[in-house]
Amino acid sequence: MPKATQRPENATALIALSDGQLFWGYGFGAEGDATGELVFNTAMTGYQEIMTDASYAGQIISFTFPHIGNVGTNDNDMEAKNAYALGMVTREMPTLSSNWRATSELDAWLKSIGRIGIGGVDTRALTLAIRKLGAPHATIAYAADGNIDSDEMIQKAHGFNGLVGLDLAIETTCAAPYEWKQTRWAYNKGYGEQLAGKKIVAVDYGAKNNILRCLASAGADVTVVPATTTAKEILAMNPAGVFLSNGPGDPEATGAYAVPMIKELLETNLPIFGICLGHQMLALALGAKTVKMSHGHHGANHPVKDLVTGKVEITSMNHGFCVDNKTLPENVEETHISLFDQTNCGIKLKDRPVFSVQQHPEASPGPNDSYYLFERFMESVA
């Protein structure tokens, strides 16, 4: 086990693990403390998109890429109105931004949204600890005067019950249905607008903005609805297809209300497409099971093999639970697997246009290798 860092005399921030390990550093962003599950993310870009991804609700993110903050922040790179990650851990302290799109510095942005940052941490040692412990419970704390009680922070981390059994989608979903028209960003053009398209109802478990943009860009007239919307309410909108979004928390907990709704939709001939938590919700509705992973998949460089075509895609991922491929029923075909650990990354019904993937084909951040899935979904829509 990596040794905890010794506290420097001028340290102002701390990551305390529930097993007693301490990683000291220097705070930025908002002061305070927060407790959750600690994960590492290997993406080289997109820290703002990552911090505002609702799938990170209840989690603290340690970035393995050392240069975080150098492109600043801007309104266009928000994946939601709020930041859902509890805090961020970096190797280097954020530098001043040097990007033409920046409208604010990372430090100021974190302050404005009430999120904690800690820099100067040996993130390599922290990553090893996460891999060995398996997404440990942790507390992140920042006090400008350095007045941090490490024993109290360890106790807070130790007292965290974890994400198993937590329905966090109920906290990240929208409050009421709304229309989405914005399409993907383009250089020198900005975001576009979808003025006509096929009616798609997107069930929001914590949907990223860029997922909705990709649906619109692929030809969808999108109506976003809360996670607790019933099948009857969805069918009353007369959609041509239904999309199940990404989101946080334990899929079995969210499944208490999501699975019955999806089962009713499966009794129709509507095309259905799910991503991330939506993938797990669909799998549960079809009779499979989900399991908690050790430290999950978080990053923008994850190789996924399409078992149908044999093609390998480099993908963006963010999940701590996965579908147990040993529990897939006979009428469900496994379509994608992770080449890191062979865990399930995609399924489809053998006789209907119903499919889902674990990876994030919208990227943001990450490669666009899997964007074709949005087009495949829209091609299946009557």
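These numbers were taken from a predicted model, which means no experiment stands behind them.

Caption draft 1: Representation of the overall build of the chain. Broken down by element type, the chain carries 10 helices and 19 strands. In terms of overall dimensions, the chain has C-alpha extents of about 65 × 45 × 40 Å along its principal axes. Relative to its 382 residues, the chain shows a buried fraction of 58%. Counting only contacts in the chain whose residues sit at least 6 apart along the sequence, the fraction spanning at least 24 positions is 74%. For the chain, the distance from the average position of its 29 positive side-chain charges to the average position of its 41 negative side-chain charges is 5 Å.

Caption draft 2: Seen up close, the sheet that holds strand 13 (residues 241-244). Taken in spatial order, the 10 strands make up an open sheet running 8-12-11-13-14-19-18-17-15-16, and their pairing is mixed. Looking at which strands have only one partner, the edges of the open sheet turn out to be strand 8 (178-180) and strand 16 (312-323). Going across the sheet, the axis of each strand differs from the next one's by a mean of 25 degrees, ignoring polarity. With 10 bridges connecting them, strand 15 (residues 290-306) and strand 16 associate as antiparallel partners. Among the inter-strand pairings, His298 is bridged to a residue of strand 16, identified as Asn318.

Caption draft 3: A look at the packing of aromatic side chains. Within the structure shown, the criterion is met by six aromatic pairs. Here Phe273 and Phe355 contribute two aromatic rings whose centre-to-centre distance is 4.7 Å and whose plane-to-plane angle is 25 degrees, an arrangement assigned as stacked. Of the two residues, Phe273 is situated in strand 14 (residues 272-275) and Phe355 in strand 19 (residues 354-357); the sequence distance between them amounts to 82 residues. Of the two residues, Phe273 and Phe355, both sit in the buried class. Centre to centre, the rings of Tyr371 and Phe374 are 5.6 Å apart; their planes meet at 40 degrees, and the pair counts as tilted. Across the pair, Phe374 and Tyr371 agree in class, each one buried. Ring pairing ties together the aromatic residues Phe243, Phe273, Phe355, Tyr371, Phe374 and Phe377, which thus form one cluster. A cation over a ring is seen here: Arg101 above Trp185, with NZ or CZ 5.1 Å from the ring centre.

Caption draft 4: Representation of the sheet that holds strand 5 (residues 87-89) within the structure. Taken in spatial order, the seven strands close into a barrel running 1-2-6-5-4-3-7, and their pairing is mixed. The average angle at which neighbouring strand axes cross in this sheet is 35 degrees, direction not considered. Where strand 3 (residues 32-41) lies against strand 7 (residues 137-142), six bridges are found, and the strand directions are antiparallel. In the sheet register, Asp33 faces strand 7, and the bridge partner there is Ala141. Of the strands in this sheet, strand 1 (13-17), strand 2 (22-29), strand 3, strand 4 (59-63) and strand 5 are in contact with helix 3 (residues 123-133), which crosses strand 3 at around 80 degrees. Those strands touched by helix 4 (residues 150-159) are strand 1, strand 2, strand 3 and strand 7, and its axis lies near 45 degrees from that of strand 1.

Caption draft 5: A look at the nonpolar core. Formed by 32 residues in total, the largest nonpolar core has its most connected members in Tyr205, Ile262 and Leu266. Of all elements in the fold, only strand 11 (198-204), helix 7 (231-236), strand 13, helix 8 (251-266), helix 9 (277-286) and strand 18 (344-349) reach the threshold of two or more residues within this core. Counting 26 residues, the second largest nonpolar core, distinct from the first, contains Ala220, Val222, Val224 and Leu373.

Caption draft 6: Seen up close, the side chain of Ser245. Here Ser245 shows up in the loop between strand 13 and helix 8. Judged by its relative accessible area of 1%, Ser245 is buried. A polar atom in the side chain of Ser245 sits 2.8 Å from the backbone nitrogen of Tyr205.

Caption draft 7: Looking closely at the pattern of salt bridges. This structure, assessed with the given rule, holds nine salt bridges. Glu37 is the partner of Lys292 in a salt bridge, and the nearest nitrogen-oxygen pair spans 3.1 Å. You can see Lys292 sitting in strand 15 and its partner Glu37 sitting in strand 3, a full 255 residues away along the chain. The class of Lys292 is partly exposed, set by a relative accessible area of 32%.

Caption draft 8: Main features of helix 2 (residues 106-113). Here helix 2 has its buried residues at Leu106, Trp109 and Leu110. An end-on view of helix 2 places all buried positions within 100 degrees of arc, on one side of the element. Of the surrounding secondary structure, the elements contacted by the buried residues of helix 2 are strand 2, helix 1 (47-51), strand 5 and strand 6 (116-119). Two residues or fewer after helix 2 comes Gly114, characterised by a positive phi angle close to 70 degrees.

Caption draft 9: Representation of the packing of helix 8 against helix 9 in the model. Helix 9 packs onto helix 8 with a crossing angle of 65 degrees between their chain directions and a minimal axis gap of 8 Å. Between helix 8 and helix 9, the angle is such that the two are roughly perpendicular. When you trace helix 8 past helix 9, the crossing you get is right-handed. Side by side, helix 8 and helix 9 meet where Pro251, Glu252, Thr254, Gly255, Ala258, Val259, Ile262, Lys263 and Leu266 of the first sit next to Leu277, Gln280, Met281, Leu282, Leu284, Ala285 and Leu286 of the second. Its residues assigned to classes, the contact of helix 8 with helix 9 comprises 11 nonpolar, three polar and two charged.

Reading guide: rules and limits
Residues numbered from 1 in each chain as written. Predicted model: local features only at pLDDT ≥ 70, side-chain atom pairs only at ≥ 80, totals over all residues. Heavy atoms only, no water. Helix = DSSP H or I, 4+ residues; strand = E, 2+ residues; numbered from the N terminus. Buried < 20%, exposed > 50% of the residue type's maximum accessible area, 1.4 Å probe, protein only. Contact = heavy atoms within 4.5 Å. Lys, Arg positive; Asp, Glu negative; His and termini not counted. Charge placed at Lys NZ, Arg CZ, Asp CG, Glu CD. Pairing = 2+ DSSP bridges. Axes fitted to C-alpha atoms, helices over the stretch in contact; angles between N-to-C directions. Phe/Tyr/Trp six-rings, centres within 6.5 Å; stacked < 30°, edge-to-face > 60°. Lys NZ or Arg CZ within 6 Å of the ring centre and 35° of its normal. Core = buried A, V, L, I, M, F, W, Y, C linked by side-chain atoms within 4.5 Å. Polar contact = N/O pair within 3.5 Å; in protein donor to acceptor, adjacent residues only side chain to side chain. Salt bridge = Lys/Arg side-chain N within 4 Å of Asp/Glu carboxyl O. Arc of directions from axis to C-beta. Parallel < 35°, antiparallel > 145°, perpendicular 65-115°, else oblique. Left-handed = near helix turned anticlockwise from the far one by under 90°. Nonpolar A, V, L, I, M, F, W, Y, C, P; charged D, E, K, R; others polar.

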